[in-house]
Amino acid sequence: MTAGVPEPAGTPAVLHTPACELFGVRYPIVQTGMGWVAGARLAAATSEAGGLGILASATMTYEQLAGAVAEVKGRTAAPFGVNLRSNHPDVGQIVDLLIAEGVKVASFAQAPNPSLVAGLREGGVVTMPTIAAPRHAEKVAGWGVDAVIAQGHEGGGHTGSIPTSLLLPAVTRAVSIPVLGAGGFHDGRGLVAALAWGAAGVAMGTRFLLTRESTVPDEVKARYLAAALTDTVVTRAIDGQPQRVIRTSLVDRLEGRHGPSATPVALASALRLRRLTGTSLRALVREGLAMKRSEGLTWSQVLMAANAPMLTRAALVEGRLEAGVLPTGQVTGLVDDLPSVAELIDAMMKEAVECLERLGPPRR
Ligand SMILES: Cc1cc2nc3c(=O)[nH]c(=O)nc-3n(C[C@H](O)[C@H](O)[C@H](O)COP(=O)(O)O)c2cc1C
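Each chain has its residues counted from 1, following the order in which its sequence is written. Restriction of local features to residues with pLDDT of at least 70 applies here, the model being predicted, together with a cutoff of 80 or more for giving and counting side-chain atom pairs; totals for whole chains, interfaces and linings are based on all residues. Derived side-chain values reflect all non-hydrogen atoms in the structure, with water molecules and hydrogen atoms excluded from consideration.

The protein chain carries the name 2-nitropropane dioxygenase in an unreviewed UniProt entry, which gives Candidatus Aeolococcus gillhamiae as its organism.

Put into structure tokens, the structure is as follows:
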């Protein structure tokens, strides 16, 4: 049993995984960092219900993150995490904040780097990057990270090309640290499947976006609930990287629009985001140059990448469905309710137990 965390009576030992031990939580269920979505209310509700809630800081200023950390701590005494961007202009200050506030886990909106991982670990923060291929898992394990989220193709937001059903067995064979399966999970059967593939739990984005504590406007949640399994698309048109979103007329237009015609809108939005996140013009240009070099993007794509968070904000914060981008996992096609976070986690654990009983020991 994890120190200080009572294990509910009757929970099969197999559901108390190394991830529960590592994070100090009751259940092997992680609510992932989602820009504009995973705020204090959602993260605190998840941690309070026995999972690991993660605050998304990539779209926050340092001050907003400090406020959100304080708010989570005011709402729950349970461990929680912060998702951070390694190229955030205030990344050094953010690391210091996480350490000073005793934040349990750091996850990463983009690949971290060895010195960022080392700094967090030295300060006692558990590090957990997201990877989409076995060789990436091996690479970050070599840096000493404590766990990985392995996200399959069906997952929401930026996503790789390997489906969860193949990624999980491959990654759990490649590394010996705890692996959290992500991409397509929403229920207790999926949790048992992830464990069968060798994972130590599941990490879910879309399922948590569609809960009562998520602050996404109701009309936007309704759009997700109405989407079918076939209504999502993986596109590079938003920021140059493959990103899974709900197919809308805006996405169709962006996919058909290349080169300079996209530039003025993207530039205006990038400058607006700069004001919102307190990024200096110098930091913005530096970030753009680094992206251009490391990801081989054109200037137009760099601008679209800077613009992307604003498109997501338009939908997920302002409720402007037609002007915004709706990142999602394919699993949105299977989700048709808006439970509270506690109801969701309780139902998942109950279903996982039932599933294990159904599979049961073989008859002799
Ligand atoms: C609306 C939305 C925003 C996201 N923003 C981030 C982010 O800021 N940082 C990050 O690491 N991952 C982000 N992701 C990816 C999720 O954290 C998670 O890995 C993914 O949703 C898992 O797949 P699922 O949606 O099938 O559960 C986002 C996903 C969604 C749906």
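### Comments concerning the pairing of strand 9 (residues 179-182)
Keep this limit in mind: When accessible area is computed with a 1.4 Å probe and restricted to protein chains, residues below 20% of their type maximum are described as buried, those above 50% as exposed, and intermediate ones as partly exposed. In this text, helices come from DSSP runs of H or I with a minimum length of four residues, and strands from runs of E with a minimum of two, each type numbered from the N-terminal end. Two strands qualify as a pair provided DSSP detects at least 2 bridges between them. When the strands point away from the viewer, a crossover counts as right-handed if the path from the first strand over the helix to the second runs clockwise.
Burial along strand 9 is two-sided: the face carrying Val 179 and Gly 181 and the face carrying Leu 180 and Ala 182 are both buried. Relative to strand 9, strand 7 (residues 148-151) runs parallel, the two being bridged by four bridges. Across the sheet, the residue bridging to Gln 151 is Ala 182, located in strand 9. As paired elements, strand 9 and strand 10 (residues 201-204) share three bridges and run parallel to each other. The partner of Gly 181 across the bridge, within strand 10, is Val 202. What joins strand 9 to strand 10 is helix 8 (residues 188-196), and the crossover it makes is right-handed.

### Things to note about the site of the ligand
This is how the line gets drawn: What makes a residue near a molecule or strand is one non-hydrogen atom of that residue sitting within 4 Å of it. Think of a polar contact as two N or O atoms within 3.5 Å of one another; within protein, one of them needs to be a possible hydrogen donor and the other a possible acceptor, and neighboring residues in sequence only count if both atoms come from side chains. Only the protein chains shown count as cover for residues, and the accessible areas themselves come from Shrake-Rupley with a 1.4 Å probe.
Around the ligand, the surrounding shell holds 21 residues, and the nearest of these are Thr 32, Gln 151, Gly 184, Gly 205 and Thr 206. In the environment of the ligand, an oxygen atom lies 2.9 Å from a nitrogen or oxygen atom belonging to the backbone of Gly 33. Within the backbone of Gly 205, an N or O atom sits 2.8 Å from an oxygen atom of the ligand. If the ligand stood free it would expose 600 Å²; the protein chains cover 90% of that surface.

### Let's talk about the sheet that holds strand 10
We count it as follows: Residues count as neighbours in contact if any of their non-hydrogen atoms are within 4.5 Å of one another. Orientation is described by axes fitted as lines to C-alpha atoms, over the contacting stretch for helices, and by angles from 0 to 180 degrees between their N-to-C directions.
One open sheet holds the nine strands; their spatial order is 5-4-3-2-1-10-9-7-6, and the pairing between them is parallel. Of all the strands in the sheet, the pair left with one neighbour each is strand 5 (126-128) and strand 6 (130-131). With two bridges connecting them, strand 1 (residues 29-31) and strand 2 (residues 52-56) associate as parallel partners. The residue bridging Gln 31 from the neighbouring strand is Gly 53, located in strand 2. Docked against the sheet, helix 3 (residues 62-75) engages strand 2 and strand 3 (80-84), running at close to 165° with respect to strand 3.

### Structural notes on the sheet that holds strand 8 (residues 157-158)
Picture the strands of a sheet paired through backbone hydrogen bonds; they go either parallel or antiparallel. Reading across from one edge, 8-12-11 is the order of the three strands in this open sheet, with antiparallel pairing throughout. Edge strands, defined here as strands with exactly one partner in the open sheet, are strand 8 and strand 11 (232-235). Strand direction decides the pairing type here: strand 8 and strand 12 (residues 243-246), joined by two bridges, are antiparallel. Within strand 12, the residue paired with His 158 across the bridge is Gln 243.

### Brief notes about the packing of helix 4 (residues 91-100) against helix 5 (residues 114-122)
Our working rule: Here the angle decides the label: under 35 degrees means roughly parallel, over 145 means roughly antiparallel, 65 to 115 means roughly perpendicular, and every other value means oblique. Crossings are sorted by hand: turned counterclockwise from the far helix by less than a right angle, the near helix makes the crossing left-handed, and turned clockwise it makes it right-handed.
Contact geometry of helix 4 with helix 5 gives a least axis separation of 9 Å together with a crossing angle of 25°. When the interaxial angle is binned, helix 4 and helix 5 end up roughly parallel. Classified by chirality, the crossing of helix 5 by helix 4 is right-handed. When helix 4 is examined against helix 5, the residues Val 91, Val 95, Leu 98 and Ile 99 are found in contact with a partner set consisting of Leu 116, Gly 119 and Leu 120.

### Things to note about the environment of Ile 99
Following the sequence through the fold, Ile 99 ends up in helix 4. The class for Ile 99 is partly exposed, based on a relative accessible area of 31%. The sequence separation of Ile 99 and Leu 120 amounts to 21 residues, and the corresponding C-alpha distance is 7.2 Å. With residues up to four places along the chain from it excluded, the contact list for Ile 99 reads Gly 119, Gly 123 and Val 125.

### Description of the environment of Ala 70
With respect to the element layout, Ala 70 can be found in helix 3. A sequence separation of 31 residues divides Ala 70 from Glu 101, and the C-alpha atoms of the two residues are 8.5 Å apart.

### Side note on the packing of aromatic side chains
The cut-off we apply is this: Stacked, edge-to-face and tilted labels apply to pairs of Phe, Tyr and Trp rings (six-membered ring for Trp) whose centres lie within 6.5 Å, assigned for plane angles under 30 degrees, over 60, and everything in between, in that order. Whether a charge sits over a ring depends on NZ of Lys or CZ of Arg being within 6 Å of the ring centre and within 35 degrees of the ring normal.
Considering all chains together, one arrives at zero aromatic pairs under this definition. Above the plane of the ring of Trp 36 lies Arg 313, whose end atom (NZ or CZ) is 5.4 Å from the centre.

### So, a nonpolar patch on the surface
Using the following cut-off: Each patch is built from salt-bridge-free residues with over 30% relative accessible area, joining like charges within 9 Å and nonpolar side chains (Val, Leu, Ile, Met, Phe, Trp, Tyr) within 5 Å. Within this document, salt bridges are pairs made up of a side-chain nitrogen of Lys or Arg and a carboxyl oxygen of Asp or Glu, the two lying within 4 Å of each other.
Judged by side-chain polarity, Val 285, Leu 289 and Trp 299 come together as a nonpolar surface patch covering roughly 270 Å² of accessible area. Mapped onto the fold, Val 285 is located in helix 13 (residues 281-295).

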